[in-house]
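Residues per chain are reported as follows:
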Number of protein chains: 4
Amino acid sequence: MSSLSRELVFLILQFLEEEKFKESVHKLEKESGFYFNMKYFEEKVQAGEWDEVEKYLTGFTKVDDNRYSMKIFFEIRKQKYLEALDRQDKAKAVEILVSDLKVFSTFNEELYKEITQLLTLGNFRENEQLSKYGDTKTARNIMLIELKKLIEANPLFRDKLVFPALKSSRLRTLINQSLNWQHQLCKNPRPNPDIKTLFTDHTCTPSNGPLAPTAVNLPVAKPAAYPALELR
Amino acid sequence: MSSLSRELVFLILQFLEEEKFKESVHKLEKESGFYFNMKYFEEKVQAGEWDEVEKYLTGFTKVDDNRYSMKIFFEIRKQKYLEALDRQDKAKAVEILVSDLKVFSTFNEELYKEITQLLTLGNFRENEQLSKYGDTKTARNIMLIELKKLIEANPLFRDKLVFPALKSSRLRTLINQSLNWQHQLCKNPRPNPDIKTLFTDHTCTPSNGPLAPTAVNLPVAKPAAYPALELR
Amino acid sequence: MSSLSRELVFLILQFLEEEKFKESVHKLEKESGFYFNMKYFEEKVQAGEWDEVEKYLTGFTKVDDNRYSMKIFFEIRKQKYLEALDRQDKAKAVEILVSDLKVFSTFNEELYKEITQLLTLGNFRENEQLSKYGDTKTARNIMLIELKKLIEANPLFRDKLVFPALKSSRLRTLINQSLNWQHQLCKNPRPNPDIKTLFTDHTCTPSNGPLAPTAVNLPVAKPAAYPALELR
Amino acid sequence: MSSLSRELVFLILQFLEEEKFKESVHKLEKESGFYFNMKYFEEKVQAGEWDEVEKYLTGFTKVDDNRYSMKIFFEIRKQKYLEALDRQDKAKAVEILVSDLKVFSTFNEELYKEITQLLTLGNFRENEQLSKYGDTKTARNIMLIELKKLIEANPLFRDKLVFPALKSSRLRTLINQSLNWQHQLCKNPRPNPDIKTLFTDHTCTPSNGPLAPTAVNLPVAKPAAYPALELR
């Protein structure tokens with residue numbers, strides 16, 4: 001994708017955000033992979049919406065891309081596992097162990113075995129290394145600090161953590177400019193052209209003719225002069 | 001939202017579709033409520049992804065908006081319920097009965113009771129009215145025909161079932177026009193201006209000066225003349 | 001079974017009770033069907049051990065034996081069902097509805113439908129007829145009063161509710177008498193015969209001979225004279 | 001319990017068996033702990049009724065009584081665990097791991113860990129040591145051979161594996177003898193006394209008087225002469 005196409009995606013993201021199409025914003029962030037919205041990620045982690053957390057991440061990296069990514073997924077799945085254990089949902093815990101955590105056994109078999117062994121404890125805090133695990137909320141926040149560090153250090157997220165500085169409603173501004181462009185191609189542009197659609201280019205009606213002289217001032221140059229467009 | 005803003009959403013939908021940002025497309029269809037994608041709806045119904053089916057619908061209507069909407073939701077939830085019964089997942093069936101179907105008991109208590117009673121049958125096809133229910137796939141397709149009729153007859157979906165006719169990549173075309181507009185504001189526009197970003201308006205460099213005469217031809221009028229923009 | 005065989009079962013029940021073989025006692029009560037132990041039944045009902053409650057009952061009656069029996073089973077299964085609903089275990093409730101309560105639908109279809117409908121309430125006490133249902137313990141005790149009346153009125157339990165009056169350890173007494181009988185068949189019975197087993201009849205050893213004269217007093221007539229038997 | 005009391009239990013066991021009070025037989029075997037019925041044990045193991053298998057065993061030994069007992073319980077619980085894994089019931093498997101198998105972790109921690117690890121395999125036969133585990137039926141039979149050896153070698157089961165040789169209906173024979181004894185205490189015993197109950201001792205009616213002479217033959221000595229007793 002060209003750099004201008006890429007920029008267009010950012011303009012759309014800004015537009016969707018301004019229009020409060022929140023889910024669309026995050027889907028596009030994810031599907032384009034251009035901008036990792038840390039605030040959104042934080043919210044989902046704090047809410048424990050692990051499916052969405054992982055889905056969002058996969059817009060940017062896979063578990064085996066590098067050591068940072070691996071650790072990110074590991075921490076998330078471990079947390080998910082501990083929470084299942086904590087609410088005594090052992091069936092779910094085994095499922096997480098087999099579906100989500102098994103991939104890590106190749107890299108650290110002993111660790112995987114130790115994690116499996118937690119299943120047999122009444123409370124996983126009996127394991128010395130987990131003895132300081134507090135409640136769910138606290139644990140998620142502690143993990144979040146770690147995740148943010150890993151994401152910031154991860155080269156795959158480089159340049160994706162800051163949203164470009166844009167004047168508000170940049171996409172609308174450009175659209176307005178395009179309308180100006182369409183109108184000034186008329187023989188006799190008017191200050192208040194009646195542009196009714198974005199779907200097809202503006203065609204100048206003959207009635208524009210008599211008004212031609214006023215076009216000398218070229219007011220069309222100032223987008224703000226087209227209130228009828230109502231794009232803002 | 002103004003009609004031009006509304007049109008801009010359609011241009012974005014076209015762009016997302018062309019760029020294969022599929023999930024973003026459907027989220028925006030739903031969040032804007034401007035276009036009901038019947039093909040997508042069909043796919044989700046046929047796949048039995050009831051959560052997504054309902055979520056998508058809520059972009060356009062609520063269960064109690066009118067009789068059509070009510071019937072749409074009723075048919076979907078009934079199907080979901082029958083499928084749970086069919087795979088002998090009675091716990092899930094009761095959950096659907098209580099969470100999803102109960103709302104309809106106000107309108108037809110007898111029907112709700114009859115539906116509840118299906119729980120006690122080994123096979124709901126023992127109920128005469130359901131004796132012709134075939135397998136899941138067939139049942140979903142039969143329901144789909146009904147759903148499409150209901151959606152087409154539903155005033156809330158009027159004018160939302162056809163995507164407007166647009167030349168391909170309409171949003172890019174407009175963006176190109178805006179760049180043209182930016183450039184022609186220069187004292188001495190050139191045929192091949194080097195525009196590097198959409199984020200800020202183009203500013204004419206002094207070096208444009210000597211080239212001024214060529215601007216007489218105003219070649220900038222033809223967007224196709226800017227291959228460097230690479231937006232397509 | 002002859003009336004004496006029947007009586008022997010009672011002697012065994014007394015023996016098992018005295019020896020604290022509690023489970024054996026209740027199994028024999030049930031398998032013989034001779035004595036319905038109301039106290040045991042009460043305990044099991046109050047503990048909500050429905051499987052054991054029903055198993056025990058089947059030693060005496062089947063659900064369709066008469067109207068009393070039907071009501072007994074109905075009350076128990078209804079209670080079991082309401083308790084499942086009360087702890088929000090809807091899967092179990094449906095199972096009870098289908099496996100345990102369905103048999104009653106033939107006799108009262110409307111009632112069965114009404115019971116099924118309770119599944120759809122957040123709290124079955126919303127049903128007017130159940131609005132006074134208190135907590136589990138209270139409900140079990142109220143049901144128990146009803147069950148006892150039904151059992152007492154049920155002809156199938158007639159004469160099975162009172163354990164016959166017996167001197168303590170009656171079976172041992174009879175066994176002692178049998179040993180006395182065995183010994184007095186000796187030519188020269190002695191006051192303190194050394195009887196070592198119940199498995200085979202006592203045979204008189206020649207050494208008994210010289211002691212013959214003492215047998216004139218026939219002390220063997222008093223079982224208490226054989227302390228060596230140690231059966232008490 | 002005296003040896004004669006112990007023998008009385010065996011006579012009762014024989015009686016219950018002859019009367020087909022099967023559940024009572026096994027409950028009494030278990031509660032007395034006098035006779036371990038290998039045939040019954042085999043049936044329950046082959047049927048996979050693990051709860052009953054363990055309950056029955058506890059009449060004779062506890063898991064930590066000796067090495068044989070420990071191995072018996074271990075083999076049974078391991079089998080129960082493997083069967084849960086085999087039907088993909090991981091929730092049940094974890095429960096068995098925690099409730100039933102944990103006790104063995106003190107004696108062999110490594111083994112316990114290895115068993116826990118089976119949870120994470122799609123099929124426990126992937127573990128080399130279990131690669132030859134066939135289907136459930138075969139596995140139960142192989143275990144049964146081992147269990148029988150362990151039981152036979154276990155000192156706690158010594159002398160409990162063979163039921164004493166008894167003439168049939170020994171308890172009835174003794175009861176008949178006791179009735180004979182009661183009757184011969186009459187002044188004038190008759191050959192066919194009308195004995196109506198076991199609950200109280202026989203009392204001689206005056207009408208016996210005239211028949212006294214016949215008592216000289218003492219036919220009462222042969223229990224078979226009392227057909228009216230109908231105890232057989």
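Residues numbered from 1 in each chain as written. Chains lettered and ligands numbered in written order. Predicted model: local features only at pLDDT ≥ 70, side-chain atom pairs only at ≥ 80, totals over all residues. Heavy atoms only, no water.

On to the relation of the copies chain C and chain D. For these two chains of identical sequence, chain C goes onto chain D by a turn of 180° and a shift of 0.0 Å along the axis, with RMSD 0.0 Å. These values place the two chain copies in the arrangement generated by a two-fold rotation axis. In terms of proximity to the rotation axis, the leading residue of chain C is Ser178(C), whose C-alpha is 2.0 Å off the axis. (Least-squares fit on C-alpha atoms with pLDDT ≥ 70 in both.)

The next thing to look at is the domain arrangement of chain A. Residue and element names in this part refer to chain A. Its domain assignment divides chain A into domain 1 (1–35), domain 2 (37–157) and domain 3 (167–204). The distance between the C-alpha centroids of domain 1 and domain 3 comes to 24 Å. Taken over both partners, the interface formed by domain 1 and domain 3 buries close to 530 Å², and the fraction arising from carbon and sulfur atoms is 57%. Linking Arg-172 and Glu-19 is a salt bridge whose minimum nitrogen-to-oxygen distance equals 2.1 Å. Summed over the shared surface of domain 1 and domain 3, the result is four residue pairs in polar contact (both at pLDDT 80 or more). A class-by-class count of the residues in the side of domain 1 that touches domain 3 yields four nonpolar, one polar and two charged. (Domains from an automatic or database assignment. Buried area = accessible area lost by both parts, 1.4 Å probe. Salt bridge = Lys/Arg side-chain N within 4 Å of Asp/Glu carboxyl O. Polar contact = N/O pair within 3.5 Å; in protein donor to acceptor, adjacent residues only side chain to side chain. Nonpolar A, V, L, I, M, F, W, Y, C, P; charged D, E, K, R; others polar.)

This brings us to the interface of chain A and chain B. With 48 residues of chain A at the interface, the matching set in chain B holds 48 residues. Summed over both partners, the interface of chain A with chain B buries about 4600 Å², with 66% contributed by carbon and sulfur atoms. The largest per-residue losses of area from chain A upon contact with chain B belong to Leu4(A), Trp181(A) and Phe199(A), which jointly make up 19% of the total buried on that side. There are six salt bridges connecting chain A and chain B. A salt bridge links Asp201(B) to Arg170(A); the nearest nitrogen and oxygen atoms lie 2.8 Å apart. Applying the counting criterion to the chain A and chain B interface returns 32 residue pairs in polar contact (both at pLDDT 80 or more). When residues of the side of chain A that touches chain B are traced back to their parent elements, those giving at least two are α1 (3–18), α2 (22–32) and α9 (170–184) of chain A. (Contact = heavy atoms within 4.5 Å. Helix = DSSP H or I, 4+ residues; strand = E, 2+ residues; numbered from the N terminus.)

It is common to give the size of an interface as the accessible area that goes away when the parts come together. Every contact between the two is made by 48 residues of chain C and, on the other side, 48 residues of chain D. Carbon and sulfur atoms make up 66% of the area that chain C and chain D hide from each other, which totals about 4600 Å². Looking at the side of chain C facing chain D, the largest losses of area belong to Leu4(C), Trp181(C) and Phe199(C), adding up to 19% of the total buried there. Counting across the chain C and chain D interface gives six salt bridges. At the boundary of chain C with chain D, the tally comes to 32 residue pairs in polar contact (both at pLDDT 80 or more). Those elements that provide at least two residues to the side of chain C that touches chain D are α1 (3–18), α2 (22–32) and α9 (170–184) of chain C. Counting residues per element, the side of chain C that touches chain D draws most heavily on α9(C), at 11 residues. Among the residues making up the side of chain C that touches chain D, the classes are represented as 25 nonpolar, 11 polar and 12 charged.

Glancing now at the UniProt feature "domain: CTLH" (unreviewed entry) in chain A. Here the UniProt feature "domain: CTLH" (unreviewed entry) sits at residues 34–92 of chain A. Structurally, residues 34–92 of chain A comprises 68% helix and 0% strand, and the distance from its first C-alpha atom to its last is 34 Å. (UniProt positions renumbered as here; feature names shortened; annotations may be inferred.)

Residue and element names in this part refer to chain B. Viewed as axis vectors pointing N to C, helix α5 (residues 67–86) and helix α6 (residues 90–101) meet at an angle of 165°, and their least axial separation amounts to 8 Å. Judged by the inter-axis angle, α5 sits roughly antiparallel to α6. As α5 runs across α6, the sense of the crossing is left-handed. Residues Phe-74, Arg-77, Lys-78, Lys-80, Tyr-81, Ala-84 and Leu-85 of α5 touch α6, and the partners they reach there are Lys-92, Ala-93, Ile-96, Leu-97, Asp-100 and Leu-101. Across the contact of α5 with α6, the residue classes tally to eight nonpolar, no polar and five charged. (Axes fitted to C-alpha atoms, helices over the stretch in contact; angles between N-to-C directions. Parallel < 35°, antiparallel > 145°, perpendicular 65-115°, else oblique. Left-handed = near helix turned anticlockwise from the far one by under 90°.)

Before going further, it helps to examine α2(A). Counting buried positions along α2(A) gives eight out of 11 residues, so the element sits mostly inside the fold. Every buried residue of α2(A) is listed here: Ser24(A), Val25(A), His26(A), Lys27(A), Leu28(A), Glu29(A), Lys30(A) and Ser32(A). Those residues of α2(A) that are buried are in contact with α1, α3 (38–46) and α4 (50–57) of chain A together with α1 (3–18) and α2 (22–32) of chain B. (Buried < 20%, exposed > 50% of the residue type's maximum accessible area, 1.4 Å probe, protein only.)

Tallied over the entire structure, the rule returns 52 aromatic pairs over all chains. Between Phe36(B) and Tyr56(B) the ring centres are 5.4 Å apart and the planes differ by 45°, which places this aromatic pair in the tilted class. With Phe36(B) in the loop between α2 and α3 (38–46) and Tyr56(B) in helix α4 (residues 50–57), this pair connects stretches of sequence that are 20 residues apart. Tyr56(B) carries the same exposure label as Phe36(B), and that label is buried. Aromatic side chains Phe10(D) and Phe163(D) sit 5.4 Å apart centroid to centroid with 75° between the ring planes, which places their arrangement in the edge-to-face category. Taken as a pair, Phe10(D) in helix α1 (residues 3–18) and Phe163(D) in the loop between α8 (136–153) and α9 (170–184) lie far apart in primary sequence, 153 residues in all. Clustering of aromatic rings is evident, with ring pairs tying together Phe36(A), Tyr40(A), Phe41(A), Tyr56(A), Phe60(A) and Phe157(A). The ring of Phe34(B) carries the charged tip of Arg6(B) above its face, separated from the ring centre by 4.5 Å. (Phe/Tyr/Trp six-rings, centres within 6.5 Å; stacked < 30°, edge-to-face > 60°. Lys NZ or Arg CZ within 6 Å of the ring centre and 35° of its normal.)

With an RMSD of 0.2 Å, the operation that places chain A on chain B is a rotation of 180° combined with a shift of 0.0 Å along the axis. Comparing interface residues between copies, 100% of those in chain A also sit at the interface in chain B, which points to an isologous, same-surface contact.

Our focus in this paragraph is a negative patch on the surface. On the surface, a cluster of negative charge is made up of Glu110(A), Glu114(A), Glu110(D) and Glu114(D). Residue assignment for the negative patch shows that the elements contributing at least two residues are α7 (109–117) of chain A together with α7 (109–117) of chain D. With respect to the helices and strands, Glu110(A) occurs in helix α7. (Patch = residues over 30% accessible without salt bridge, like charges linked within 9 Å, V, L, I, M, F, W, Y side chains within 5 Å. Areas by Shrake-Rupley, 256 points an atom, 1.4 Å probe, with all protein chains shown as cover. Lys, Arg positive; Asp, Glu negative; His and termini not counted. Charge placed at Lys NZ, Arg CZ, Asp CG, Glu CD.)

Turning to the confidence of the model for chain A, a few remarks are in order. All names here are of chain A. Considering every residue of chain A, the mean pLDDT works out to 87; 88% of them sit at 70 or more. Ignoring residues within four places in sequence, the model shows residues 208–232, a span with pLDDT below 50, making 51 contacts including any to other chains. Confidence metrics for the complex model read pTM 0.84 and ipTM 0.82. (pLDDT = per-residue confidence, 0-100.)

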